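The lines below spell out each chain.
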Amino acid sequence: MAQEVVATFAGPLSSFSVNLTINNGSGAQVQSFGISGRTAKFPVTWDSMGSFSGPATLTSTVGVNTEVVIANFSGFAPGEQVAFSGIDPDFTGSASAGVRILDIAGSRAYVLFSDGTTAFGEFEATTAGTLRAVMSK
């Protein structure tokens, strides 16, 4: 079985309701998860990461109001899932421009594990109408 972290923006792709789930299917705790809106088709700034839920503790969010945002966790163990709901991304340079889920395609994601290793992925559209990034350990 693959050791991976899967991040998903739920669909439909045309939705302006931006919610993110992160599933830790690896064998290590996730220490940090980041998204770069610089690599989206039209660069995206993360104005807010919304509300957090899950069994892990969100210790900090760095980079809000920039194109690269990083969420730091404590206790994000293998087999667990966390979620951010009500995320507010805008096109860079246009603070009032709403972004659809599809507009986030191409954004790069990374995960830092508690053992110091990292993994990277890119958000791509799925046949299920979501955006998904897989980061393999």
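Located above this text is the structure these notes cover.
The model shown is predicted, which means the values in this text are computed figures rather than measured ones.

Caption draft 1: Up close: the overall build of the protein. Counting its regular elements, the protein contains zero helices and twelve strands. Listed by position from the N terminus, the elements making up the protein come as β-β-β-β-β-β-β-β-β-β-β-β. Over its C-alpha trace the protein gives a radius of gyration of 14 Å, about what one expects of a compact globule, namely 14 Å for 137 residues. By its C-alpha atoms, the protein is 40 × 30 × 25 Å across when sized along the principal axes. Put simply, the protein has 137 residues, and 43% of those count as buried.

Caption draft 2: Broad picture of the sheet that holds strand β7 (residues 68-76). On the basis of which strands lie adjacent, the open sheet formed by five strands has the order β6-β7-β3-β9-β10 and antiparallel pairing. Because the sheet does not close on itself, it has two edges, and the strands there are β6 (57-62) and β10 (118-122). Direction aside, neighbouring strands of the sheet carry axes that sit 15° apart on average.

Caption draft 3: Here's a closer look at the nonpolar core. Judged by nonpolar contacts, the single largest core of 34 residues is most densely connected at F9, L20, I22, F33, F73, F123 and M135. Elements represented by at least two residues in this core include exactly β1 (4-9), β2 (18-25), β3 (30-36), β4 (44-48), β7, β8 (81-91), β9 (108-113) and β12 (131-136). Of the residues forming this core, the biggest block, four residues, is contributed by β7. Every residue in contact with M135, bar those within four places of it in the chain, is listed here: Q3, E4, V5, A7, F33, A109, Y110, V111, A119, F120 and G121.

Caption draft 4: Spotlight on the side chain of S107. Within the secondary structure layout, S107 lies in the loop between β8 and β9. With a relative accessible area of 0%, S107 lands in the buried category. Engagement of the side chain of S107 in a polar contact is seen with the backbone oxygen of I104, the distance being 2.8 Å. Residues contacting S107, with those up to four places away along its chain left out, are I35, S36, G37, T39, A40, W46, G121, E122 and F123.

Caption draft 5: Layout of the packing of aromatic side chains. Under the criterion given, the structure shown has seven aromatic pairs. Centre to centre, the rings of F73 and F76 are 5.2 Å apart; their planes meet at 75°, and the pair counts as edge-to-face. Under the relative-accessibility criterion, F73 is labelled buried at 7%. F76 gets classed as buried once you look at its relative accessible area, which sits at 0%. An aromatic cluster is defined as three or more aromatic residues linked by ring pairs; in this entry it consists of F52, F73, F76 and F84.

Caption draft 6: Seen up close, the pairing of β12. Only one face of β12 is covered, namely the face carrying L131, A133 and M135; the face carrying R132, V134 and S136 is uncovered. With six bridges joining them, β1 and β12 adopt antiparallel strand pairing. From the neighbouring strand, V6 faces β12, where its bridge partner is V134. Pairing of strand β11 (residues 124-125) with β12 involves two bridges; the strand directions are antiparallel. From the neighbouring strand, A125 faces β12, where its bridge partner is L131.

What counts as what
- Residues numbered from 1 in each chain as written.
- Predicted model: local features only at pLDDT ≥ 70, side-chain atom pairs only at ≥ 80, totals over all residues.
- Heavy atoms only, no water.
- Helix = DSSP H or I, 4+ residues; strand = E, 2+ residues; numbered from the N terminus.
- Rg over C-alpha atoms; globule rule 2.2 N^0.38 Å.
- Buried < 20%, exposed > 50% of the residue type's maximum accessible area, 1.4 Å probe, protein only.
- Pairing = 2+ DSSP bridges.
- Axes fitted to C-alpha atoms, helices over the stretch in contact; angles between N-to-C directions.
- Core = buried A, V, L, I, M, F, W, Y, C linked by side-chain atoms within 4.5 Å.
- Contact = heavy atoms within 4.5 Å.
- Polar contact = N/O pair within 3.5 Å; in protein donor to acceptor, adjacent residues only side chain to side chain.
- Phe/Tyr/Trp six-rings, centres within 6.5 Å; stacked < 30°, edge-to-face > 60°.

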